[in-house]
Amino acid sequence: MIYLFVVGLTAAVTTALPPSRDLNALVNLSAERLLLADRVAAAKFGTDQPIEDPVRERQVLDRAAAMAAEAGLDATGTVAFFRAQIEAGKAVQRGLFDRWARHPERAPEHRPDLATEVRPHLDRITAAFISRLAATEDLRAATRQCGELLVSAKRAADRRHRLDPLHERALNGAIAPVCTG
């Protein structure tokens with residue numbers, strides 16, 4: 001079963017997506033997930049909740065591995081991809097914590113609820129990642145073509161999402177495993 005991310009809704013379909021000729025949707029999902037890291041940071045900043053959450057990370061990785069197996073994807077490669085997403089998200093959180101500690105006036109006034117306001121969006125992106133990983137499986141190899149497509153997709157995502165340097169650096173880390181084979 002493949003999951004699609006459509007305007008904030010997750011829908012299950014029984015047929016696979018046709019192979020993609022680019023990596024834009026996959027990279028855009030990474031950028032969207034990194035922008036959600038701002039909300040995760042806002043929920044945790046000024047509380048006793050640490051940036052590192054090994055229990056939640058293990059849940060995400062286990063879910064990704066299970067979904068990869070269902071979609072016929074390599075679980076090891078999929079988990080490596082999701083590990084990169086998690087690490088990039090934590091880099092954004094650390095950067096924001098540092099920024100807000102140095103400039104308290106920039107700290108968010110609203111603290112979103114992780115369980116009800118943020119994690120459902122992250123979970124939908126997880127499902128969408130699986131469908132995009134499946135649709136781009138034939139492209140994601142350690143080849144020049146993949147590298148060129150990845151650079152193009154990253155530039156498009158930077159423009160589309162108007163990423164600041166913190167999020168741009170994080171996106172570089174998040175997409176690093178895409179063309180590793």
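Here goes a summary of the coordinates provided. (Residues numbered from 1 in each chain as written. Predicted model: local features only at pLDDT ≥ 70, side-chain atom pairs only at ≥ 80, totals over all residues. Heavy atoms only, no water.)

## Quick notes on the overall build of the protein chain
When helices and strands are tallied, the protein chain shows six helices and two strands. Across the protein chain, helices and strands are ordered from the amino to the carboxyl terminus as β-β-α-α-α-α-α-α. Out of the 181 residues belonging to the protein chain, those deemed buried represent 42%. Sequence separation of 24 or more characterises 80% of the internal contacts of the protein chain that already satisfy a separation of 6 or more. Roughly 9,300 Å² of accessible area belongs to the protein chain as shown, and the carbon and sulfur atoms make up 54% of that amount. (Helix = DSSP H or I, 4+ residues; strand = E, 2+ residues; numbered from the N terminus. Buried < 20%, exposed > 50% of the residue type's maximum accessible area, 1.4 Å probe, protein only. Contact = heavy atoms within 4.5 Å. Areas by Shrake-Rupley, 256 points an atom, 1.4 Å probe, with all protein chains shown as cover.)

## Describing the side chain of N28
Topologically, N28 is positioned in helix α1 (residues 24-44). Beyond its immediate sequence surroundings of up to four residues, N28 is in contact with A157, R160 and H161.

## Considering the packing of helix α3 (residues 75-102) against helix α6 (residues 165-175)
As a packed pair, α3 and α6 sit with axes 8 Å apart at the nearest point and diverge in direction by 160 degrees. On the basis of their axis angle, the class for α3 and α6 is roughly antiparallel. The handedness of the crossing between α3 and α6 is right-handed. The residues of α6 that touch α3, namely those facing F81, A84, Q85, A88, A91, V92, G95, L96 and R99, are L166, H167, A170, G173 and A174. Split by residue class, the contact of α3 with α6 holds nine nonpolar, four polar and one charged. (Axes fitted to C-alpha atoms, helices over the stretch in contact; angles between N-to-C directions. Parallel < 35°, antiparallel > 145°, perpendicular 65-115°, else oblique. Left-handed = near helix turned anticlockwise from the far one by under 90°. Nonpolar A, V, L, I, M, F, W, Y, C, P; charged D, E, K, R; others polar.)

## Observations concerning the packing of helix α5 (residues 144-161) against α6
Between two packed helices, both the angle of their axes relative to each other and the distance between the axes serve to describe the pair. One can describe the packing of α5 onto α6 by two numbers: an axis separation of 11 Å at closest approach and a directional angle of 145 degrees. Note that α5 runs across α6; the crossing there is right-handed. Of α6, the residues touching α5 (which contributes L150, K154, A157 and D158) are E168, L171, N172 and I175. The residue inventory of the contact of α5 with α6, partitioned by class, reads four nonpolar, one polar and three charged.

## Re the packing of aromatic side chains
Inspection of the entire model under this criterion finds five aromatic pairs. Pairing F81 with F82 gives two aromatic rings, centres 5.7 Å apart and planes at 85 degrees, and the pair type is edge-to-face. We note that F81, like F82, is buried. Geometrically, the ring pair formed by F82 and F129 is edge-to-face, given 5.5 Å between the ring centres and 90 degrees between the ring planes. One end of the pair, F82, is in helix α3; the other, F129, is in helix α4 (residues 114-135), with 47 residues separating them in the sequence. Both residues of the pair, F82 and F129, count as buried. Following the ring pairs from residue to residue traces out a cluster consisting of F45, F97 and W100. (Phe/Tyr/Trp six-rings, centres within 6.5 Å; stacked < 30°, edge-to-face > 60°.)

## A short note on the environment of G147
Within the fold, G147 resides in helix α5. The class of G147 is partly exposed, set by a relative accessible area of 29%. Sequence-wise, G147 and V178 are 31 residues apart; in three dimensions their C-alpha atoms are separated by 8.8 Å.

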